Amino acid sequence: MVRAPRSTGRTRVQILSEISRTFGEYLLVPNLTTANCTPEAVDLSAPLTRHPVGESAQIRIAIPMVSAVMEAVSSPRLAIAIAQAGGLSFVHQNQPIAQQAEMVAAVKRNKAGFRHSEINIRPTATLAEVAALLEQAERDIAVVTDDGSPTGRFLGLISLRDFHPQRHDLNAGVETRMRAKADLVVAPPTISLSEANTLLWDQRLDVLPVVDNQGRLASVVLRRDYELHKRFRNESVDDDKRFRVGAGVNTRDYRDRIPALVEAGADILCLDSSDGYSVYQSDVLDWVRSTYGQNVRIGAGNVVDGRGFRYLADAGADFVKIGIGGGSICITRDAKGIGRGQASAVLDVVRERDRYAGETGEYVPLCSDGGILQDSHMAIALAFGADFLMLGRYFARFEESPSALVRVDDQFFKEYWGEGSARARNAARYGQASGLLFEEGVDGYVPYAGRLDENVSVTLAKIKATMVSCGSITLRQFHDSATLVEVSHQSFLQNSQDIRLRERPSGGRT
(Lines give C-alpha, C1' and ligand atoms only; values in the text may rest on other atoms or scores of the structure.)
Protein backbone atom coordinates (compact mmCIF):
# COMPACT_ATOMS: atom_id res chain seq x y z
CA MET A 1 0.00 0.00 0.00
CA VAL A 2 1.28 3.45 -0.94
CA ARG A 3 1.03 5.94 1.92
CA ALA A 4 0.48 9.64 1.29
CA PRO A 5 3.29 11.86 2.60
CA ARG A 6 2.53 13.37 6.00
CA SER A 7 1.67 17.07 5.87
CA THR A 8 4.02 19.38 7.78
CA GLY A 9 1.56 22.25 7.83
CA ARG A 10 3.99 24.44 5.89
CA THR A 11 3.42 25.85 2.38
CA ARG A 12 6.40 24.96 0.18
CA VAL A 13 5.22 26.35 -3.17
CA GLN A 14 6.65 29.75 -4.10
CA ILE A 15 4.44 32.27 -5.87
CA LEU A 16 6.10 35.29 -7.48
CA SER A 17 4.45 38.58 -6.63
CA GLU A 18 4.71 39.98 -10.16
CA ILE A 19 2.29 39.55 -13.06
CA SER A 20 3.65 37.69 -16.09
CA ARG A 21 3.78 40.30 -18.87
CA THR A 22 4.36 40.38 -22.63
CA PHE A 23 6.01 42.97 -24.88
CA GLY A 24 2.61 44.18 -26.06
CA GLU A 25 1.87 45.49 -22.56
CA TYR A 26 4.54 48.21 -22.76
CA LEU A 27 5.23 51.39 -24.68
CA LEU A 28 8.47 53.36 -24.92
CA VAL A 29 8.51 56.93 -23.68
CA PRO A 30 10.56 59.20 -26.02
CA ASN A 31 13.83 60.74 -24.84
CA LEU A 32 15.56 63.82 -26.21
CA THR A 33 16.61 63.36 -29.84
CA THR A 34 19.91 65.19 -30.39
CA ALA A 35 21.35 66.46 -33.68
CA ASN A 36 23.68 63.47 -34.06
CA CYS A 37 20.88 60.98 -33.41
CA THR A 38 19.70 60.07 -36.91
CA PRO A 39 18.67 56.77 -38.52
CA GLU A 40 21.88 56.79 -40.57
CA ALA A 41 23.95 56.97 -37.38
CA VAL A 42 22.22 54.06 -35.64
CA ASP A 43 24.41 50.98 -35.11
CA LEU A 44 22.37 47.80 -34.63
CA SER A 45 25.33 45.44 -34.31
CA ALA A 46 25.20 42.89 -31.50
CA PRO A 47 27.50 40.31 -29.88
CA LEU A 48 26.76 36.60 -30.28
CA THR A 49 29.45 35.22 -27.96
CA ARG A 50 30.55 35.86 -24.38
CA HIS A 51 33.49 38.22 -23.95
CA PRO A 52 35.30 40.24 -21.31
CA VAL A 53 33.42 43.39 -20.33
CA GLY A 54 34.75 46.32 -22.35
CA GLU A 55 36.08 44.15 -25.17
CA SER A 56 34.50 43.07 -28.44
CA ALA A 57 32.93 39.64 -28.95
CA GLN A 58 34.64 37.17 -31.27
CA ILE A 59 31.44 36.87 -33.30
CA ARG A 60 29.16 39.85 -33.89
CA ILE A 61 26.27 40.39 -36.26
CA ALA A 62 25.34 43.66 -37.95
CA ILE A 63 21.63 43.34 -37.20
CA PRO A 64 20.18 41.76 -34.02
CA MET A 65 18.18 39.07 -35.81
CA VAL A 66 18.71 35.30 -36.06
CA SER A 67 16.37 32.63 -37.42
CA ALA A 68 14.79 30.01 -35.19
CA VAL A 69 16.12 26.44 -35.04
CA MET A 70 13.10 25.16 -36.96
CA GLU A 71 12.55 22.88 -39.94
CA ALA A 72 9.95 25.29 -41.35
CA VAL A 73 12.31 28.26 -41.12
CA SER A 74 16.04 27.65 -41.42
CA SER A 75 17.41 26.29 -44.70
CA PRO A 76 20.62 27.03 -46.66
CA ARG A 77 18.78 29.49 -48.90
CA LEU A 78 17.33 31.40 -45.96
CA ALA A 79 20.68 31.25 -44.13
CA ILE A 80 22.43 32.91 -47.06
CA ALA A 81 19.74 35.60 -47.33
CA ILE A 82 19.96 36.38 -43.60
CA ALA A 83 23.77 36.46 -43.65
CA GLN A 84 23.66 38.89 -46.57
CA ALA A 85 21.35 41.12 -44.54
CA GLY A 86 23.76 41.01 -41.59
CA GLY A 87 22.07 38.43 -39.36
CA LEU A 88 22.51 34.69 -38.85
CA SER A 89 20.54 31.47 -39.28
CA PHE A 90 20.58 28.36 -37.09
CA VAL A 91 20.06 25.23 -39.20
CA HIS A 92 17.64 22.90 -37.42
CA GLN A 93 18.77 19.63 -35.79
CA ASN A 94 15.60 17.57 -36.25
CA GLN A 95 17.22 15.59 -39.08
CA PRO A 96 20.05 13.08 -39.64
CA ILE A 97 23.50 14.34 -38.72
CA ALA A 98 24.91 14.03 -42.25
CA GLN A 99 21.97 15.96 -43.70
CA GLN A 100 22.33 18.82 -41.23
CA ALA A 101 26.10 18.96 -41.78
CA GLU A 102 25.55 19.17 -45.54
CA MET A 103 23.14 22.08 -45.08
CA VAL A 104 25.80 23.91 -43.06
CA ALA A 105 28.46 23.12 -45.69
CA ALA A 106 26.14 24.38 -48.43
CA VAL A 107 26.05 27.80 -46.78
CA LYS A 108 29.81 27.85 -46.15
CA ARG A 109 30.51 27.16 -49.85
CA ASN A 110 29.27 30.70 -50.57
CA LYS A 111 31.56 33.68 -50.19
CA ALA A 112 30.29 37.25 -49.99
CA GLY A 113 29.72 38.20 -53.61
CA PHE A 114 30.68 34.77 -54.98
CA ARG A 115 27.87 32.23 -54.80
CA HIS A 116 28.05 28.48 -55.03
CA SER A 117 25.68 27.76 -57.92
CA GLU A 118 22.43 26.29 -56.57
CA ILE A 119 20.38 25.77 -59.76
CA ASN A 120 22.20 23.49 -62.19
CA ILE A 121 21.09 21.17 -65.00
CA ARG A 122 22.50 18.89 -67.70
CA PRO A 123 22.34 19.97 -71.37
CA THR A 124 20.42 16.77 -72.19
CA ALA A 125 17.61 17.58 -69.77
CA THR A 126 14.35 18.73 -71.37
CA LEU A 127 12.95 22.23 -71.36
CA ALA A 128 10.07 20.86 -69.31
CA GLU A 129 12.55 19.65 -66.68
CA VAL A 130 14.35 22.98 -66.44
CA ALA A 131 11.02 24.84 -66.25
CA ALA A 132 9.94 22.60 -63.35
CA LEU A 133 13.32 23.05 -61.64
CA LEU A 134 13.13 26.83 -61.86
CA GLU A 135 9.53 26.90 -60.66
CA GLN A 136 10.35 24.69 -57.68
CA ALA A 137 13.37 26.81 -56.75
CA GLU A 138 11.48 30.06 -57.43
CA ARG A 139 14.31 31.26 -59.68
CA ASP A 140 14.44 32.36 -63.31
CA ILE A 141 17.87 31.15 -64.46
CA ALA A 142 19.85 27.90 -64.31
CA VAL A 143 23.50 27.05 -64.97
CA VAL A 144 24.16 24.31 -67.51
CA THR A 145 27.09 21.98 -66.75
CA ASP A 146 28.09 18.71 -68.35
CA ASP A 147 27.00 16.64 -65.34
CA GLY A 148 24.40 18.96 -63.85
CA SER A 149 26.55 19.61 -60.77
CA PRO A 150 27.66 22.99 -59.36
CA THR A 151 31.30 22.14 -60.11
CA GLY A 152 30.87 20.49 -63.52
CA ARG A 153 32.27 21.72 -66.84
CA PHE A 154 30.48 24.98 -67.60
CA LEU A 155 28.46 24.91 -70.85
CA GLY A 156 26.03 27.81 -70.65
CA LEU A 157 22.99 29.45 -69.06
CA ILE A 158 19.28 29.04 -69.61
CA SER A 159 16.49 31.20 -68.24
CA LEU A 160 12.74 31.48 -68.58
CA ARG A 161 13.40 34.22 -71.15
CA ASP A 162 15.14 31.74 -73.45
CA PHE A 163 12.04 29.67 -74.20
CA HIS A 164 8.25 29.80 -73.99
CA PRO A 165 6.02 26.80 -73.18
CA GLN A 166 3.58 27.71 -75.97
CA ARG A 167 6.21 28.43 -78.62
CA HIS A 168 8.80 25.74 -78.00
CA ASP A 169 8.74 21.96 -77.70
CA LEU A 170 9.13 21.22 -74.01
CA ASN A 171 10.51 17.79 -74.87
CA ALA A 172 13.46 19.42 -76.64
CA GLY A 173 16.81 19.42 -74.87
CA VAL A 174 18.12 22.33 -72.83
CA GLU A 175 21.05 22.60 -75.27
CA THR A 176 18.64 23.70 -78.01
CA ARG A 177 17.71 26.95 -76.23
CA MET A 178 20.55 27.67 -73.80
CA ARG A 179 23.03 30.52 -74.24
CA ALA A 180 26.34 28.75 -74.86
CA LYS A 181 29.57 29.57 -73.06
CA ALA A 182 31.11 30.95 -76.25
CA ASP A 183 28.44 33.66 -76.35
CA LEU A 184 28.72 34.61 -72.68
CA VAL A 185 31.02 36.76 -70.57
CA VAL A 186 32.85 34.57 -68.05
CA ALA A 187 35.57 35.36 -65.49
CA PRO A 188 38.57 33.49 -64.03
CA PRO A 189 38.76 32.56 -60.32
CA THR A 190 41.43 35.22 -59.82
CA ILE A 191 38.93 38.02 -60.43
CA SER A 192 38.24 40.30 -57.48
CA LEU A 193 34.71 41.11 -56.36
CA SER A 194 35.20 44.74 -57.42
CA GLU A 195 36.29 43.64 -60.90
CA ALA A 196 33.39 41.19 -61.11
CA ASN A 197 30.88 43.89 -60.22
CA THR A 198 32.38 46.19 -62.86
CA LEU A 199 31.86 43.46 -65.46
CA LEU A 200 28.26 42.96 -64.32
CA TRP A 201 27.43 46.58 -64.95
CA ASP A 202 29.62 47.28 -67.99
CA GLN A 203 28.37 44.18 -69.81
CA ARG A 204 24.77 44.52 -68.55
CA LEU A 205 24.82 41.05 -67.00
CA ASP A 206 22.50 39.47 -64.46
CA VAL A 207 24.89 36.54 -63.87
CA LEU A 208 28.67 36.32 -64.22
CA PRO A 209 29.94 32.71 -64.25
CA VAL A 210 33.39 32.22 -62.72
CA VAL A 211 35.17 29.39 -64.56
CA ASP A 212 38.58 27.83 -63.77
CA ASN A 213 41.28 26.94 -66.31
CA GLN A 214 39.88 23.41 -66.65
CA GLY A 215 36.56 24.89 -67.75
CA ARG A 216 34.77 23.92 -64.54
CA LEU A 217 32.33 26.21 -62.77
CA ALA A 218 33.84 27.75 -59.63
CA SER A 219 31.06 30.15 -58.60
CA VAL A 220 28.64 32.77 -59.91
CA VAL A 221 28.37 36.50 -59.21
CA LEU A 222 24.84 37.96 -59.27
CA ARG A 223 23.75 41.52 -59.95
CA ARG A 224 21.14 41.17 -57.21
CA ASP A 225 23.87 40.48 -54.65
CA TYR A 226 25.59 43.74 -55.60
CA GLU A 227 22.40 45.65 -54.92
CA LEU A 228 21.93 43.82 -51.61
CA HIS A 229 25.47 44.68 -50.53
CA LYS A 230 24.78 48.36 -51.17
CA ARG A 231 21.72 48.12 -48.91
CA PHE A 232 23.32 45.87 -46.27
CA ARG A 233 27.01 46.77 -46.11
CA ASN A 234 27.92 44.40 -43.29
CA GLU A 235 27.19 40.83 -44.30
CA SER A 236 27.83 38.16 -41.69
CA VAL A 237 31.06 36.57 -42.96
CA ASP A 238 34.04 34.77 -41.46
CA ASP A 239 37.72 35.61 -41.99
CA ASP A 240 37.61 33.93 -45.41
CA LYS A 241 34.58 35.99 -46.48
CA ARG A 242 32.33 32.92 -46.30
CA PHE A 243 28.83 33.45 -44.96
CA ARG A 244 28.43 32.65 -41.29
CA VAL A 245 25.88 30.06 -40.23
CA GLY A 246 24.84 28.45 -36.96
CA ALA A 247 23.40 25.04 -36.17
CA GLY A 248 21.15 23.56 -33.50
CA VAL A 249 22.24 20.57 -31.40
CA ASN A 250 20.55 18.46 -28.72
CA THR A 251 21.60 16.77 -25.48
CA ARG A 252 21.39 13.23 -26.83
CA ASP A 253 23.60 12.66 -29.88
CA TYR A 254 25.88 15.68 -29.37
CA ARG A 255 29.08 13.61 -29.25
CA ASP A 256 28.46 12.63 -32.87
CA ARG A 257 26.55 15.67 -34.14
CA ILE A 258 28.84 18.45 -32.91
CA PRO A 259 32.06 17.09 -34.52
CA ALA A 260 30.22 16.73 -37.85
CA LEU A 261 28.89 20.30 -37.68
CA VAL A 262 32.30 21.69 -36.70
CA GLU A 263 33.86 19.83 -39.64
CA ALA A 264 31.19 21.27 -41.94
CA GLY A 265 32.15 24.78 -40.84
CA ALA A 266 29.41 25.85 -38.42
CA ASP A 267 30.40 29.17 -36.86
CA ILE A 268 28.30 28.80 -33.73
CA LEU A 269 26.07 26.14 -32.18
CA CYS A 270 22.93 26.38 -30.09
CA LEU A 271 21.48 23.83 -27.68
CA ASP A 272 17.90 23.57 -28.85
CA SER A 273 15.47 22.77 -26.04
CA SER A 274 12.16 24.10 -24.81
CA ASP A 275 13.58 24.00 -21.25
CA GLY A 276 17.34 24.55 -20.94
CA TYR A 277 17.63 24.77 -17.15
CA SER A 278 18.91 21.21 -16.87
CA VAL A 279 21.98 19.21 -15.96
CA TYR A 280 21.89 17.74 -19.48
CA GLN A 281 22.77 21.09 -21.04
CA SER A 282 25.50 21.61 -18.47
CA ASP A 283 26.96 18.22 -19.45
CA VAL A 284 27.02 19.22 -23.14
CA LEU A 285 28.69 22.55 -22.40
CA ASP A 286 31.28 20.82 -20.23
CA TRP A 287 32.00 18.30 -23.02
CA VAL A 288 32.39 21.07 -25.62
CA ARG A 289 34.83 23.01 -23.43
CA SER A 290 36.88 19.91 -22.54
CA THR A 291 36.95 18.79 -26.20
CA TYR A 292 37.36 22.06 -28.07
CA GLY A 293 38.20 24.72 -25.48
CA GLN A 294 37.07 28.11 -26.78
CA ASN A 295 37.44 27.09 -30.44
CA VAL A 296 33.80 26.03 -30.64
CA ARG A 297 31.16 28.55 -29.65
CA ILE A 298 27.84 27.32 -28.27
CA GLY A 299 24.77 28.95 -26.78
CA ALA A 300 22.23 27.34 -24.47
CA GLY A 301 18.63 27.68 -23.30
CA ASN A 302 15.78 28.28 -23.07
CA VAL A 303 15.31 29.84 -19.63
CA VAL A 304 12.87 32.32 -18.12
CA ASP A 305 14.57 33.56 -14.96
CA GLY A 306 17.89 34.57 -13.46
CA ARG A 307 18.49 31.16 -11.88
CA GLY A 308 18.44 29.46 -15.28
CA PHE A 309 20.73 32.10 -16.74
CA ARG A 310 23.26 31.84 -13.92
CA TYR A 311 23.33 28.04 -14.21
CA LEU A 312 24.07 28.06 -17.94
CA ALA A 313 26.48 30.98 -17.76
CA ASP A 314 28.48 29.20 -15.05
CA ALA A 315 28.48 26.09 -17.24
CA GLY A 316 30.19 28.04 -20.05
CA ALA A 317 27.39 29.05 -22.43
CA ASP A 318 28.40 31.63 -25.03
CA PHE A 319 24.91 33.10 -25.06
CA VAL A 320 21.69 32.26 -23.26
CA LYS A 321 18.31 32.04 -24.95
CA ILE A 322 15.21 33.33 -23.15
CA GLY A 323 11.63 32.18 -23.64
CA ILE A 324 9.26 29.29 -22.89
CA GLY A 325 5.79 29.20 -24.38
CA GLY A 326 5.86 32.62 -26.04
CA GLY A 327 6.22 31.51 -29.66
CA SER A 328 3.25 31.95 -32.00
CA ILE A 329 3.43 28.25 -32.90
CA CYS A 330 4.08 27.00 -29.33
CA ILE A 331 1.52 25.50 -26.94
CA THR A 332 3.89 24.50 -24.12
CA ARG A 333 1.93 26.64 -21.66
CA ASP A 334 -1.30 24.89 -22.58
CA ALA A 335 0.23 21.41 -22.58
CA LYS A 336 2.45 21.62 -19.49
CA GLY A 337 1.55 24.80 -17.62
CA ILE A 338 5.15 26.01 -17.91
CA GLY A 339 6.38 29.40 -19.11
CA ARG A 340 6.47 33.08 -18.42
CA GLY A 341 5.47 36.25 -20.22
CA GLN A 342 8.37 37.18 -22.47
CA ALA A 343 8.78 40.72 -21.16
CA SER A 344 8.93 39.50 -17.55
CA ALA A 345 11.37 36.73 -18.48
CA VAL A 346 13.71 39.06 -20.37
CA LEU A 347 13.66 41.64 -17.58
CA ASP A 348 14.55 39.06 -14.93
CA VAL A 349 17.35 37.48 -16.97
CA VAL A 350 18.79 40.86 -18.00
CA ARG A 351 19.16 41.83 -14.35
CA GLU A 352 21.03 38.60 -13.63
CA ARG A 353 23.21 39.01 -16.73
CA ASP A 354 24.29 42.45 -15.60
CA ARG A 355 24.98 41.19 -12.08
CA TYR A 356 27.00 38.32 -13.53
CA ALA A 357 29.03 40.72 -15.69
CA GLY A 358 29.79 42.88 -12.64
CA GLU A 359 30.87 39.90 -10.56
CA THR A 360 32.88 37.96 -13.15
CA GLY A 361 33.93 40.52 -15.75
CA GLU A 362 32.31 38.27 -18.40
CA TYR A 363 29.45 39.53 -20.57
CA VAL A 364 27.11 36.75 -21.74
CA PRO A 365 24.77 37.94 -24.53
CA LEU A 366 21.06 37.26 -24.32
CA CYS A 367 18.79 36.07 -27.11
CA SER A 368 15.06 36.74 -26.75
CA ASP A 369 13.21 33.85 -28.40
CA GLY A 370 9.47 34.24 -28.96
CA GLY A 371 6.79 36.73 -28.02
CA ILE A 372 7.30 38.92 -31.13
CA LEU A 373 4.03 39.64 -32.92
CA GLN A 374 4.84 43.07 -34.37
CA ASP A 375 7.96 44.94 -35.40
CA SER A 376 7.45 47.29 -32.46
CA HIS A 377 7.85 44.32 -30.10
CA MET A 378 11.38 43.85 -31.44
CA ALA A 379 12.29 47.37 -30.39
CA ILE A 380 10.75 46.84 -26.96
CA ALA A 381 12.63 43.54 -26.49
CA LEU A 382 15.91 45.28 -27.33
CA ALA A 383 15.05 48.16 -24.99
CA PHE A 384 14.51 45.63 -22.19
CA GLY A 385 18.10 44.46 -22.71
CA ALA A 386 18.05 41.54 -25.16
CA ASP A 387 21.18 41.57 -27.32
CA PHE A 388 19.54 39.86 -30.28
CA LEU A 389 16.26 38.21 -31.24
CA MET A 390 15.46 34.71 -32.48
CA LEU A 391 12.53 34.81 -34.89
CA GLY A 392 10.46 31.97 -36.32
CA ARG A 393 7.14 33.21 -37.68
CA TYR A 394 8.79 36.40 -38.94
CA PHE A 395 11.20 34.54 -41.24
CA ALA A 396 8.79 31.69 -42.11
CA ARG A 397 6.68 34.17 -44.13
CA PHE A 398 9.41 34.91 -46.65
CA GLU A 399 10.15 33.56 -50.11
CA GLU A 400 13.45 32.08 -48.92
CA SER A 401 11.98 29.91 -46.16
CA PRO A 402 11.91 26.16 -46.97
CA SER A 403 8.19 25.61 -46.42
CA ALA A 404 5.68 25.34 -49.26
CA LEU A 405 3.82 28.33 -50.69
CA VAL A 406 0.10 27.55 -50.77
CA ARG A 407 -3.03 29.39 -51.82
CA VAL A 408 -5.99 29.53 -49.45
CA ASP A 409 -9.12 31.55 -50.30
CA ASP A 410 -7.30 33.63 -52.93
CA GLN A 411 -4.49 34.54 -50.53
CA PHE A 412 -0.97 33.12 -50.46
CA PHE A 413 0.44 31.56 -47.30
CA LYS A 414 3.58 29.72 -46.26
CA GLU A 415 3.23 26.53 -44.27
CA TYR A 416 4.51 26.88 -40.70
CA TRP A 417 4.73 24.29 -37.95
CA GLY A 418 6.32 24.11 -34.52
CA GLU A 419 9.13 21.76 -33.56
CA GLY A 420 6.80 20.39 -30.88
CA SER A 421 4.08 19.53 -33.40
CA ALA A 422 3.22 16.05 -34.63
CA ARG A 423 4.44 17.08 -38.09
CA ALA A 424 7.97 17.80 -36.82
CA ARG A 425 8.01 14.86 -34.37
CA ASN A 426 11.00 16.42 -32.60
CA ALA A 427 10.72 14.29 -29.45
CA ALA A 428 14.39 14.87 -28.55
CA ARG A 429 13.84 18.62 -28.21
CA TYR A 430 10.98 18.15 -25.77
CA GLY A 431 12.50 15.43 -23.60
CA GLN A 432 10.11 12.71 -24.70
CA ALA A 433 12.56 9.85 -25.13
CA SER A 434 9.96 7.23 -26.03
CA GLY A 435 8.49 9.31 -28.85
CA LEU A 436 6.22 12.32 -29.12
CA LEU A 437 3.41 11.42 -26.71
CA PHE A 438 1.83 14.87 -26.76
CA GLU A 439 2.27 18.03 -28.79
CA GLU A 440 3.83 21.32 -27.67
CA GLY A 441 3.42 23.01 -31.05
CA VAL A 442 0.85 23.37 -33.80
CA ASP A 443 0.79 23.12 -37.59
CA GLY A 444 -0.63 25.97 -39.68
CA TYR A 445 0.00 28.80 -42.13
CA VAL A 446 1.39 32.35 -42.05
CA PRO A 447 0.62 35.03 -44.68
CA TYR A 448 3.24 35.13 -47.45
CA ALA A 449 5.20 38.39 -47.24
CA GLY A 450 7.65 38.31 -50.17
CA ARG A 451 11.43 38.53 -50.15
CA LEU A 452 13.47 38.60 -46.96
CA ASP A 453 15.66 41.59 -47.84
CA GLU A 454 12.69 43.85 -48.61
CA ASN A 455 10.92 43.04 -45.34
CA VAL A 456 14.03 43.20 -43.18
CA SER A 457 14.80 46.66 -44.61
CA VAL A 458 11.40 47.90 -43.45
CA THR A 459 11.73 46.30 -40.01
CA LEU A 460 15.19 47.78 -39.44
CA ALA A 461 13.95 51.21 -40.51
CA LYS A 462 11.23 50.99 -37.86
CA ILE A 463 13.66 49.92 -35.13
CA LYS A 464 16.08 52.71 -36.02
CA ALA A 465 13.26 55.27 -35.98
CA THR A 466 12.21 54.05 -32.54
CA MET A 467 15.77 54.32 -31.23
CA VAL A 468 16.12 57.84 -32.62
CA SER A 469 12.94 58.88 -30.81
CA CYS A 470 14.48 57.43 -27.66
CA GLY A 471 17.75 59.33 -28.16
CA SER A 472 19.92 56.25 -28.83
CA ILE A 473 22.27 55.24 -31.63
CA THR A 474 23.53 51.91 -30.21
CA LEU A 475 21.69 49.01 -28.63
CA ARG A 476 23.63 49.48 -25.39
CA GLN A 477 22.55 53.13 -25.18
CA PHE A 478 19.01 52.09 -25.98
CA HIS A 479 18.91 49.64 -23.09
CA ASP A 480 20.68 51.94 -20.63
CA SER A 481 18.43 54.95 -21.28
CA ALA A 482 15.08 53.43 -22.30
CA THR A 483 11.99 54.38 -20.34
CA LEU A 484 8.93 52.15 -20.66
CA VAL A 485 5.40 52.39 -19.36
CA GLU A 486 2.75 49.72 -18.89
CA VAL A 487 -0.21 49.98 -21.25
CA SER A 488 -3.73 50.01 -19.82
CA HIS A 489 -6.73 48.38 -21.42
CA GLN A 490 -8.06 51.83 -22.37
CA SER A 491 -4.78 52.54 -24.20
CA PHE A 492 -5.37 49.43 -26.30
CA LEU A 493 -8.91 50.59 -27.10
CA GLN A 494 -7.69 54.06 -28.06
CA ASN A 495 -5.29 52.56 -30.58
CA SER A 496 -7.91 50.34 -32.18
CA GLN A 497 -10.89 52.57 -32.84
CA ASP A 498 -13.30 51.33 -35.49
CA ILE A 499 -11.98 52.84 -38.72
CA ARG A 500 -12.73 51.42 -42.14
CA LEU A 501 -9.44 51.35 -43.99
CA ARG A 502 -8.96 51.78 -47.70
CA GLU A 503 -7.99 48.60 -49.46
CA ARG A 504 -4.38 48.40 -50.56
CA PRO A 505 -3.62 48.15 -54.28
CA SER A 506 -3.23 44.55 -55.42
CA GLY A 507 0.33 43.30 -55.16
CA GLY A 508 1.07 45.34 -52.05
CA ARG A 509 3.49 43.80 -49.58
CA THR A 510 2.14 42.43 -46.29
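Residues numbered from 1 in each chain as written. Predicted model: local features only at pLDDT ≥ 70, side-chain atom pairs only at ≥ 80, totals over all residues. Heavy atoms only, no water.

**Some remarks on the side chain of Arg-223**
With respect to the secondary-structure elements, Arg-223 resides in helix α5 (residues 223-231). Of the residues examined, Arg-223 reaches a relative accessible area of 18% and is grouped as buried. Here the side chain of Arg-223 touches Leu-205 through a polar contact of 3.0 Å, landing on its backbone oxygen. Not counting chain neighbours up to four residues away, the residues in contact with Arg-223 comprise Leu-200, Trp-201, Arg-204, Leu-205 and Asp-206. (Helix = DSSP H or I, 4+ residues; strand = E, 2+ residues; numbered from the N terminus. Buried < 20%, exposed > 50% of the residue type's maximum accessible area, 1.4 Å probe, protein only. Polar contact = N/O pair within 3.5 Å; in protein donor to acceptor, adjacent residues only side chain to side chain. Contact = heavy atoms within 4.5 Å.)

**What to know about the state of the cysteines**
The final tally for this structure, using the stated rule, is 0 disulfides. The structure places no disulfide on Cys-367, whose sulfur is separated from the nearest cysteine sulfur, that of Cys-270, by 7.1 Å. The closest cysteine sulfur to the non-disulfide-bonded Cys-470 is located on Cys-37, 8.9 Å from its own sulfur. Among the residues examined, Cys-470 registers a relative accessible area of 3% and is labelled buried. (Disulfide = S-S within 2.5 Å.)

**Considering the pattern of salt bridges**
Within the structure shown, the criterion is met by 33 salt bridges. For Asp-318, the salt bridge goes to Arg-297, with nearest N and O atoms at 2.7 Å. Of this pair, Asp-318 sits in the loop between α8 (306-315) and β16 (320-322) while Arg-297 sits in the loop between α7 (279-292) and β15 (298-303); the two residues are 21 residues apart in sequence, bridging distant segments of the chain. Salt bridges sharing partners connect three or more residues here, namely Lys-108, Asp-238, Arg-242, Arg-244 and Asp-267. (Salt bridge = Lys/Arg side-chain N within 4 Å of Asp/Glu carboxyl O.)

**Considerations on the pairing of strand β20 (residues 405-408)**
With 4 bridges connecting them, β20 and strand β21 (residues 411-417) associate as antiparallel partners. Each residue of the ladder has a partner; that of Val-408, found in β21, is Gln-411. From the end of β20 to the start of β21, which pair antiparallel, there are 2 residues, and Asp-409 there has a positive phi angle of about 55°. (Pairing = 2+ DSSP bridges.)

**Some words on the sheet that holds strand β19 (residues 388-391)**
Spatial strand order, β5-β6-β13-β14-β15-β16-β18-β19: 8 strands in a closed barrel with parallel pairing. Taking each pair of neighbouring strands and ignoring which way they run, the sheet shows an average axis angle of 30°. Pairing of strand β18 (residues 366-369) with β19, which is carried by 3 bridges, proceeds in the parallel orientation. Of the residues in β19, the one forming a bridge with Ser-368 is Leu-389. Along the sheet, α7 contacts β14 (268-271) and β15; its crossing angle with β15, the most-contacted strand, is approximately 170°. (Axes fitted to C-alpha atoms, helices over the stretch in contact; angles between N-to-C directions.)

**Description of helix α11 (residues 375-384)**
Quick reminder: α-helices carry 3.6 residues per turn. Residues three or four places apart thus point the same way. For α11, the buried fraction is high: 9 of the 10 residues fall into the buried class. All buried positions along α11 are accounted for by Asp-375, His-377, Met-378, Ala-379, Ile-380, Ala-381, Leu-382, Ala-383 and Phe-384. Gly-385, located one to two residues past α11, shows a positive phi value of around 125°.

**What about α5?**
The complete set of buried residues in α5 reads Arg-223, Asp-225 and Leu-228. Contacts made by the buried residues of α5 are with α1 (76-85), α4 (193-202), β12 (217-222) and α13 (452-469).

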